[in-house]
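Chain by chain, the residues:
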Amino acid sequence: MELTLNWAGMLRELITLIVVIDPIGSLPVFYFATATVPAALHWKFALRAVLVAWVVLMFFLVAGQLLLEGLGLRFGSFQIAGGVILFLFALSMIFGDSKAEQEIESAGRDHLAGAVFPLAMPSIASPGAMLAIVVLTDNHRHSIPEQVMTAGLLTVVLLLTLVLLLLAGKLKRVLGNTGAGVISRVMGIILATVAVDAVLGGLDAVGALNLSVQPDG
């Protein structure tokens, strides 16, 4: 069977994955999560986070739609739940809430535990990314080869994320702790905005809110 590459569609999917995974936006979370981690372990921290995120997103690529449909859940409900989780995490980034720090400190015997939360989830493998993967690989609209192509694009974006995380140490030396703190709070505000938008989109999807612009007259 001959597979015709749809370059425009691939580019659109690649941009979508970059936006929802947001490799650059994961840098402040990486700085926050590695605050108590020895510098020598940062590369292992980044690698574990990206691997965990890849496994989670690949699971949703393969079985996410079946899981949601099997449980009778609507995409909108999933989007609302994800938006709430992201908003709570955004608040911890903005106001320095101690919850995330306590999560990391409680794993003091395993410095790499923080790679799963908050870096792998919900930062890299965010609810928005999970939802986007399910939509991009809709079993009713996309063939198996097309879904495999999406998996390849997902892997490329996660490799880009890994490269940026591995360079995070050098970037932090340039920015300094103050610069990194400012970026963390700015990104927290952006993340909160994204979270609110996700909740509003979910409410619109389930019919609880109509966000469509009504024509005059």
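Refer to the structure above for everything that follows.
Rules behind the numbers
- Residues numbered from 1 in each chain as written.
- Predicted model: local features only at pLDDT ≥ 70, side-chain atom pairs only at ≥ 80, totals over all residues.
- Heavy atoms only, no water.
- Helix = DSSP H or I, 4+ residues; strand = E, 2+ residues; numbered from the N terminus.
- Buried < 20%, exposed > 50% of the residue type's maximum accessible area, 1.4 Å probe, protein only.
- Expected span 1.5 Å × (residues − 1).
- Axes fitted to C-alpha atoms, helices over the stretch in contact; angles between N-to-C directions.
- Parallel < 35°, antiparallel > 145°, perpendicular 65-115°, else oblique.
- Left-handed = near helix turned anticlockwise from the far one by under 90°.
- Contact = heavy atoms within 4.5 Å.
- Nonpolar A, V, L, I, M, F, W, Y, C, P; charged D, E, K, R; others polar.
- Core = buried A, V, L, I, M, F, W, Y, C linked by side-chain atoms within 4.5 Å.

Colleague: So what's going on with the environment of Met-10? Residues and values would help.
Modeller: In this fold, Met-10 is placed in helix α1 (residues 7-21). The sequence separation of Met-10 and Glu-146 amounts to 136 residues, and the corresponding C-alpha distance is 9.4 Å.

Colleague: How would you explain unusual backbone geometry if you had to name every residue and give the values?
Modeller: Note that the residue after Phe-117, namely Pro-118, is joined by a cis bond; omega there is 15 degrees. For Pro-118, the location among the structural elements is in helix α6 (residues 116-124).

Colleague: Requested: an account of the environment of Ala-208, with residues and values cited.
Modeller: Along the chain, Ala-208 falls in the segment after α9 (168-205). The exposed category is assigned to Ala-208, whose relative accessible area is 57%. C-alpha separation for the pair Ala-208 and Gly-76, spaced 132 residues apart in sequence, amounts to 9.9 Å.

Colleague: Which residues make up helix α3 (residues 42-70), and what values go with them?
Modeller: For α3, spanning 29 residues, the distance from its first C-alpha to its last is 39 Å, which sits close to the expected 42 Å at 1.5 Å a residue. Backbone geometry just after α3 places Gly-72 at a positive phi near 75 degrees.

Colleague: Which residues make up the packing of α3 against α6, and what values do they have?
Modeller: Direction vectors running N to C along α3 and α6 enclose 45 degrees, while the axes themselves pass 9 Å from each other. Overall, the two elements α3 and α6 adopt an arrangement that is oblique. Where α3 crosses over α6, the two elements pack in a sense that is right-handed. The residues of α6 that touch α3, namely those facing Phe-45, Ala-49, Val-50, Val-52, Ala-53 and Val-56, are Val-116, Leu-119, Ala-120, Met-121 and Ile-124. In terms of residue class, the contact of α3 with α6 is built from eleven nonpolar, no polar and no charged.

Colleague: Explain the nonpolar core residue by residue, including any values.
Modeller: Within the largest apolar cluster, 48 residues are counted, with the highest numbers of intra-cluster contacts made by Leu-57 and Ile-124. Taken together, the elements giving at least two residues each to this core come down to α1, α2 (26-33), α3, α4 (75-95), α6, α7 (127-136), α8 (144-166) and α9. With eleven residues, α3 is the single largest residue contributor to this core. Excluding its chain neighbours within four sequence positions, the residues that come into contact with Leu-57 are Ile-21, Ala-125, Ala-129, Met-130, Ile-133, Leu-154 and Leu-158.

Colleague: Describe the packing of α1 against α8, with residues and values.
Modeller: At a closest axis distance of 10 Å, the pairing of α1 and α8 adopts a crossing angle of 45 degrees. The orientation of α1 relative to α8 falls into the category oblique. Both α1 and α8 take part in a crossing whose hand is right-handed. Across the interface between the two elements, Met-10, Glu-13, Leu-14, Leu-17, Ile-18 and Ile-21 from α1 touch Met-149, Thr-150, Leu-153, Leu-154, Val-157, Leu-158 and Thr-161 from α8. A per-class count over the contact of α1 with α8 returns ten nonpolar, two polar and one charged.

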